Amino acid sequence: MQKKAKLILTEAKEAFEKSPTTKLLYDLKVKYLGKQGLFSELMKGLGKLSKEDRPQVGKEVNIVKNELESAYQVRLQQLDDLEMNKKLQTEHLDLTLPGPDAPRGNQHPLTQTMQEIVGILSKIGFTVRTGPLIETDWYNFEALNIPKDHPARDMQDTFYIDDTHVLRTHTSPVQIHTMQDEKPPIRILSPGSVFRCDADVTHSPNFYQIEGLLIDKDVSMAHLKGTISFFVKQYFGTKIKTRFRPSFFPFTEPSAEVDCSCPQCNGKGCRICSHTGWIEIGGSGLVHPNVIKSAGLDSDEFTGYAFGFGVERMAMIKYGVDDIRLFNENDVRFLGQFN
Ligand code: FA5
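Computed from a prediction, not measured in an experiment: that's the story for all the values here.

A. Region of interest: unusual backbone geometry. Cis rather than trans, the peptide bond between Pro184 and Pro185 has omega equal to 5°. Looking at the secondary structure, you find Pro185 in the loop between α7 (173-181) and β4 (186-195). A cis amide bond links Glu253 to the next residue, Pro254, at an omega of 0°. Here Pro254 lies in strand β7 (residues 252-261). Positive phi, close to 55°, is recorded for Asn266, a residue that is not glycine. Of note, Asn266 is situated in the loop between β7 and β8 (278-287). With a phi close to 50°, Ser274 is a non-glycine residue in the positive phi region. Within the secondary structure, Ser274 is located in the loop between β7 and β8. Judged by relative accessible area, which is 54%, Ser274 ranks as exposed.

B. Structural context of the packing of helix α2 (residues 22-33) against helix α4 (residues 53-90). Between α2 and α4, the least distance of the axes is 10 Å, while the angle of their chain directions is 170°. Taken as axis vectors, α2 and α4 run roughly antiparallel relative to one another. Two secondary-structure elements touch here, α2 through Thr22, Leu25, Tyr26, Lys29, Tyr32 and Leu33 and α4 through Lys65, Leu68, Glu69, Tyr72, Arg75, Leu76, Leu79, Asp80 and Glu83. Taken together, the residues of the contact of α2 with α4 break down into 8 nonpolar, 1 polar and 6 charged.

C. Structural detail: the side chain of Ser299. Tracing the chain through its elements places Ser299 in the loop between α9 (289-294) and β9 (303-310). In contact with Ser299, not counting residues within four places along its chain, are Pro289, Ile292 and Lys293.

D. Structural context of the nonpolar core. Judged by nonpolar contacts, the single largest core of 43 residues is most densely connected at Phe231, Phe236, Ile281 and Phe309. Among the secondary structure elements, those contributing two or more residues to this core are α5 (109-122), β5 (206-216), α8 (221-236), β7, β8, β9, α10 (311-319) and α11 (332-335). Counting residues in hydrophobic clusters, the runner-up holds 23 residues, among them Ala143, Phe249, Phe251 and Ile292.

E. The arrangement of α2 in detail. In a regular helix each residue adds 1.5 Å, so 12 residues correspond to 16 Å; α2 covers 15 Å between its end C-alpha atoms and thus fits that length. Among the residues of α2, Leu25, Leu28, Tyr32 and Leu33 are the ones counted as buried. Down the axis, α2 shows its buried residues gathered within 100° of arc, on one side only. Buried residues in α2 make contact with α1 (2-18), α3 (38-44) and α4.

F. Here's a closer look at the packing of α5 against α10. As a packed pair, α5 and α10 sit with axes 9 Å apart at the nearest point and diverge in direction by 95°. Here α5 lies roughly perpendicular to α10, going by the angle between them. When α5 is examined against α10, the residues Leu110, Thr113, Met114, Glu116 and Ile117 are found in contact with a partner set consisting of Val311, Glu312, Met314, Ala315, Lys318 and Tyr319. Residues of the contact of α5 with α10, tallied by class, amount to 7 nonpolar, 1 polar and 3 charged.

G. The arrangement of the sheet that holds strand β6 (residues 242-249) in detail. The sheet built from 7 strands is open, its strands ordered β1-β4-β5-β9-β8-β7-β6 with mixed pairing. In the strand order of this sheet, the two ends are held by β1 (127-128) and β6, each with one partner. Relative to β9, β8 is paired through 5 bridges, and the arrangement is antiparallel. The residue bridging Gly285 from the neighbouring strand is Ala306, located in β9.

H. Main features of the site of the ligand. Residues in contact with the ligand amount to 26 residues; listed here are only the nearest, Ser172, Arg196, Ser204, Gln209 and Glu280. Here a nitrogen atom of the ligand and a side-chain polar atom of His170 are 3.0 Å apart. Note that an oxygen atom of the ligand is positioned 2.8 Å from one of the side-chain N or O atoms of Arg196. Contact with the protein chains covers 94% of the free accessible surface of the ligand, which is 680 Å². Its atoms largely coinciding with the cavity grid, the ligand occupies the largest pocket. Listing elements by their share of the shell around the ligand, those giving two or more residues are β5, β8 and β9. Per element, the largest residue contribution to the shell around the ligand is 5 residues, and it comes from β8.

I. Fine view of the pairing of β9. Burial runs high along β9: 7 of the 8 residues are buried. Here β5 runs beside β9; their pairing, made up of 8 bridges, is antiparallel. Along β9, the bridge assignment pairs Asp216 with Thr303.

J. Seen up close, the packing of aromatic side chains. By the definition in use, this model includes 13 aromatic pairs. Judged by centre distance (5.7 Å) and plane angle (70°), the rings of Phe327 and Phe334 are edge-to-face. The residues Phe327 and Phe334 share a single accessibility class, namely buried. Aromatic ring contacts, followed pair by pair, group Phe126, Phe231, Tyr235, Phe236, Tyr305, Phe307 and Phe309 into a single cluster. Sitting over the ring of Tyr235, Lys318 keeps its end group 4.1 Å from the ring centre.

Definitions and cut-offs
Residues numbered from 1 in each chain as written. Predicted model: local features only at pLDDT ≥ 70, side-chain atom pairs only at ≥ 80, totals over all residues. Heavy atoms only, no water. Helix = DSSP H or I, 4+ residues; strand = E, 2+ residues; numbered from the N terminus. Buried < 20%, exposed > 50% of the residue type's maximum accessible area, 1.4 Å probe, protein only. Axes fitted to C-alpha atoms, helices over the stretch in contact; angles between N-to-C directions. Parallel < 35°, antiparallel > 145°, perpendicular 65-115°, else oblique. Contact = heavy atoms within 4.5 Å. Nonpolar A, V, L, I, M, F, W, Y, C, P; charged D, E, K, R; others polar. Core = buried A, V, L, I, M, F, W, Y, C linked by side-chain atoms within 4.5 Å. Expected span 1.5 Å × (residues − 1). Arc of directions from axis to C-beta. Pairing = 2+ DSSP bridges. Near = heavy atom within 4 Å. Polar contact = N/O pair within 3.5 Å; in protein donor to acceptor, adjacent residues only side chain to side chain. Areas by Shrake-Rupley, 256 points an atom, 1.4 Å probe, with all protein chains shown as cover. 1 Å grid on protein atoms, 1.4 Å probe; cavity = no way out; pocket = protein on both sides within 12 Å on 5 of 7 lines; lining within 4 Å. Sits in = over half its atoms within 2 Å of the grid points. Phe/Tyr/Trp six-rings, centres within 6.5 Å; stacked < 30°, edge-to-face > 60°. Lys NZ or Arg CZ within 6 Å of the ring centre and 35° of its normal.

Listed below in structure tokens is the structure:
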């Protein structure tokens, strides 16, 4: 048996030496050292030997097998080196080629929309002011001329925190904070998160509004209309028209809903504008004297206008997005389109 083992070793070593590639060398390894290879076959013969001879013969055959395994490793290393050298001689690495581009992130479309709106209105003197997300009932409602039990409270489904605190339902309370803190003339914008118990494809329970407030002397609807028409043309394009529809907000008098002609169909009527040619973007009006008084200013001396736009609504109209939930799903295939 030992003799046979040595014969296999000699034959295999010769075959390993002659093998020109690592692939063929591996095939030889299987032939000689594999589970069903020649050595395994030989080992089966151990069982036929006497108990006394078996350990010694087994030991010697194993030594031969180990020698064959190291012969394989030596040849493998030689072939690996040869193949690598050949590659290095024939293939060239061009270190001057640019690497693959790292994927670039971009700002969230709502952040971009808010920055764009602020950018436009800051050109005509508006500055940014923020307010708390948790408001007292007084700031969110009463100071804005919405007393308790007033039916107007039903216009906004409110998340109450306790009897006197709410998640603000609109950015209008910032009007009060600003009038309390600053002296007229006041010209501010307030972008931020608001909350309402409201959810469908165009309504979200947590969305963004941008509030505008101007307080000065002798402010009229003409000033409001001029500002909003300027803004709409800057944001959507010069072809877009603005329409003011009489409406009701307790904190403005008179009040008007602001519509713009649909930028997707240029006012012809499409799915985005429910085939009316017009889309509502927000509410507006002249600040109610009661609101000016609540904030501690003299309503005989000062007048003002205010408006509040839905930021998601503005982005949806401009980019033709038909489902508000897309903004919060964090799908990079959607968000990456606003690069
Ligand atoms: C208000 O919130 C008033 N505070 C706006 C205002 C400010 C009027 C100053 C007068 C003076 P309204 O509830 O209509 O109004 O909301 C304003 C805009 O927010 C809507 O036109 C719409 O664009 C957007 N909006 C309202 N509810 C949702 C919602 N659930 N999801 C997304 N956008 C909404």
